[in-house]
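# A look at the structure
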Amino acid sequence: MAEKMTLIVFSGDMDKAIAAFNLAIGAASIGMEVSMFFTFWGLNVLKKNEGATKSKGIMRKMLNFMNRGGTKRLGLSKFHMFGMGKWMMGKLMRNVKSPSVQELLIMAHQSGVKFIACTNTLGMMGLDKESFIPEVDSYAGVATYLADAKDGRINLFI
Amino acid sequence: MAEKMTLIVFSGDMDKAIAAFNLAIGAASIGMEVSMFFTFWGLNVLKKNEGATKSKGIMRKMLNFMNRGGTKRLGLSKFHMFGMGKWMMGKLMRNVKSPSVQELLIMAHQSGVKFIACTNTLGMMGLDKESFIPEVDSYAGVATYLADAKDGRINLFI
Amino acid sequence: MAEKMTLIVFSGDMDKAIAAFNLAIGAASIGMEVSMFFTFWGLNVLKKNEGATKSKGIMRKMLNFMNRGGTKRLGLSKFHMFGMGKWMMGKLMRNVKSPSVQELLIMAHQSGVKFIACTNTLGMMGLDKESFIPEVDSYAGVATYLADAKDGRINLFI
């Protein structure tokens, strides 16, 4: 049976998403079974880049507008500076031919990494499945995470 | 022997506290033995909601005033916006009948989750045990954490 | 064979660095084998306190200027307040004779904790090994981390 790694991606920051995908792709490449649980702001990583997120109620609309998400809209956890730090970081990454978050997401998916979106957060933020990319493997809650992580050799909260 | 989970709650953010309590309650509900170690800003989660924190020295007083804590005073890690994001999040949670941080804390405690407050942080911030809620099970340091985590199936730093 | 602990130090915040070193020193003191992987902003902890970081290109120069690093230049994750919170925290720590980040780093190193700097981040930020302190034990990537963490009893992302 393959050794397991689980990652909880709580943060929607670009730099943390890059770290998470690099760990996931590395683990998959040595034959580990990897599950990524996206929760809270981390769900932004799995949102579609195109179009607005539909949601009901004025407050949810506001929250989802500020928090639109999609791999191309993630900010940095530090030095974001209204987008300038992010733009610089993107340029530095292209200079050394580092893959973008979007490219890492696709690589992880193609390596067999499982993407799980947290249903509790969906409920709270008033989001439906249409806001998310087709690469999401399943929608589940904390029980699913715990069942996986109990057998994980490496479990991280990012 | 029950399987163990340990959580280090370093952050005093409301959203991270919600995630931590949800994980703890979920694990306790499937029979796991759960310990939560609250350290640094995470100690705010365990502070009383009523009254000011007593401490000696002008700087400690300032720090403890800014950092008053209590489940009802926690901010968001993102979109806090001087309390507005927090207010919105609280309202959204009530709309979908999500329990508040305070309710989650009580549920976790009643499920048998152990709350441990970090004595090193208490010393540094000049806090005494009277600042904390009675649900705290013990006051301990890093050695206690490590003894628990070594046998943990799931160990996370939140 | 000694039991292992691995820590990914992603954050360059002073408070998180203190937590990471305290965990590492505690684990080493009970005979555990500890590896700390410093990546992204975490690399700041391993930068020299003296002198500027050399790097090529105007954007890298800007990024490395803002992000100079060294144990004495780390900020707080909360209440940094342009350095005032950091100054207060440093003073509170000295009052109770808590060791500084610099002292913790040396203690960890002398306890046999291994410091590993992430080569991917070095490449992206255009840093060379001369920017780092001599206590760095090795420069390596995600594969090295995974090999270690797979056998870790405690693996944390900080």
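Moving on, we come to the overall build of chain A. The number of helices and strands found in chain A is six helices and five strands. Listing the helices and strands of chain A from first to last along the sequence gives β-α-β-α-α-α-β-α-β-α-β. Computed over C-alpha atoms, the radius of gyration of chain A comes to 15 Å, within 12% of the 15 Å expected from 2.2 N^0.38 for 158 residues, which places it in the range of a compact globule. C-alpha atoms of chain A, sized along the principal axes, occupy 45 × 40 × 25 Å. Partitioning the intrachain contacts of chain A with sequence separation of at least 6 by distance along the chain shows that 72% fall at a separation of at least 24. Of the roughly 6600 Å² of accessible surface on chain A, 57% is carried by carbon and sulfur atoms.

Our focus in this paragraph is the relation of the copies chain C and chain A. Expressed as a screw transformation, the operator carrying chain C onto chain A has a rotation angle of 120° and an axial translation of 0.0 Å, and the superposed copies differ by an RMSD of 0.0 Å. Look at the turn and shift together and you get a three-fold axis relating the two. Little of the interface of chain C is mirrored in chain A, where only 12% of its interface residues are also at the interface.

A few words on the environment of B:F10. Looking at where B:F10 falls in the secondary structure, it is placed in the loop between β1 (4-9) and α1 (14-29). Residue classification places B:F10 among the buried positions, given a relative accessible area of 1%. Separated by 148 residues in the primary sequence, B:F10 and B:I158 place their C-alpha atoms 6.0 Å from one another. Excluding anything up to four places from it in sequence, B:F10 contacts B:T39, B:F40, B:W41, B:G42, B:F157, B:I158, C:D15, C:K16, C:A19 and C:S77.

Here the focus is the relation of the copies chain C and chain B. Superposing chain C onto chain B requires a rotation of 120° together with a translation of 0.0 Å along the rotation axis, leaving an RMSD of 0.0 Å. A share of only 10% of interface residues in chain C that are also interface residues in chain B marks the association as one of differing surfaces.

The next subject is the interface of chain C and chain A. At the interface, 24 residues of chain C touch 31 residues of chain A. Surface buried jointly by chain C and chain A totals about 2500 Å² across both partners, of which 76% is contributed by carbon and sulfur atoms. Of all residues in chain C, the largest losses of buried area upon contact with chain A belong to C:M59, C:K150 and C:F157, amounting jointly to 28% of the total for that side. Where chain C packs against chain A, one counts two salt bridges. Linking chain C with chain A are five residue pairs in polar contact (both at pLDDT 80 or more).

Now for the interface of chain C and chain B. Listed per partner, the contact involves 31 residues of chain C and 24 residues of chain B. Summed over both sides, the interface of chain C with chain B buries roughly 2500 Å², with 76% coming from carbon and sulfur. Where B:D151 meets C:R153, a salt bridge forms, and the shortest distance between an N and an O atom there is 3.1 Å. If you look at where chain C meets chain B, you find five residue pairs in polar contact (both at pLDDT 80 or more). Residue assignment for the side of chain C that touches chain B shows that the elements contributing at least two residues are α1 (14-29), α3 (84-95) and β5 (152-157) of chain C. Counted by class, the side of chain C that touches chain B contains 20 nonpolar, five polar and six charged residues.

Attention now moves to the confidence of the model for chain A. Parts of the prediction with low pLDDT should not have their coordinates interpreted in detail. When pLDDT is averaged across chain A, the result is 88; 91% of the residues are at 70 or more. We note a pTM of 0.90 for the whole complex and an ipTM of 0.88 for its interfaces.

As for its position among the elements, C:S77 is in the loop between α2 (58-66) and α3. Separated by 35 residues in sequence, C:S77 and C:G112 place their C-alpha atoms 27 Å apart. Beyond its immediate chain neighbours, meaning those up to four positions away, C:S77 contacts B:F10, B:W41, C:D13 and C:D15.

Another point: the pairing of strand β2 (residues 33-38) of chain B. Residues and elements named next belong to chain B. A large share of β2 lies buried, amounting to five of its six residues. Examined bridge by bridge, β1 and β2 share six bridges and lie parallel to one another. Within β2, the position partnered with V9 by the bridge is F38. Crossover handedness for the path β1 to α1 to β2: right-handed.

On to the pattern of salt bridges, then. All names here are of chain A. Counting across every chain of the model gives twelve salt bridges over all chains. A salt bridge links E3 to R153; the shortest N-O distance between them is 2.8 Å. In this pair, E3 is assigned in the segment before β1 (4-9) and R153 in strand β5 (residues 152-157), connecting sequence segments 150 residues apart. Overall, the relative accessible area of 27% leaves E3 in the partly exposed class.

Definitions and cut-offs
- Residues numbered from 1 in each chain as written.
- Chains lettered and ligands numbered in written order.
- Predicted model: local features only at pLDDT ≥ 70, side-chain atom pairs only at ≥ 80, totals over all residues.
- Heavy atoms only, no water.
- Helix = DSSP H or I, 4+ residues; strand = E, 2+ residues; numbered from the N terminus.
- Rg over C-alpha atoms; globule rule 2.2 N^0.38 Å.
- Contact = heavy atoms within 4.5 Å.
- Areas by Shrake-Rupley, 256 points an atom, 1.4 Å probe, with all protein chains shown as cover.
- Least-squares fit on C-alpha atoms with pLDDT ≥ 70 in both.
- Buried < 20%, exposed > 50% of the residue type's maximum accessible area, 1.4 Å probe, protein only.
- Buried area = accessible area lost by both parts, 1.4 Å probe.
- Salt bridge = Lys/Arg side-chain N within 4 Å of Asp/Glu carboxyl O.
- Polar contact = N/O pair within 3.5 Å; in protein donor to acceptor, adjacent residues only side chain to side chain.
- Nonpolar A, V, L, I, M, F, W, Y, C, P; charged D, E, K, R; others polar.
- pLDDT = per-residue confidence, 0-100.
- Pairing = 2+ DSSP bridges.
- Right-handed = clockwise from strand over helix to strand, strands pointing away.

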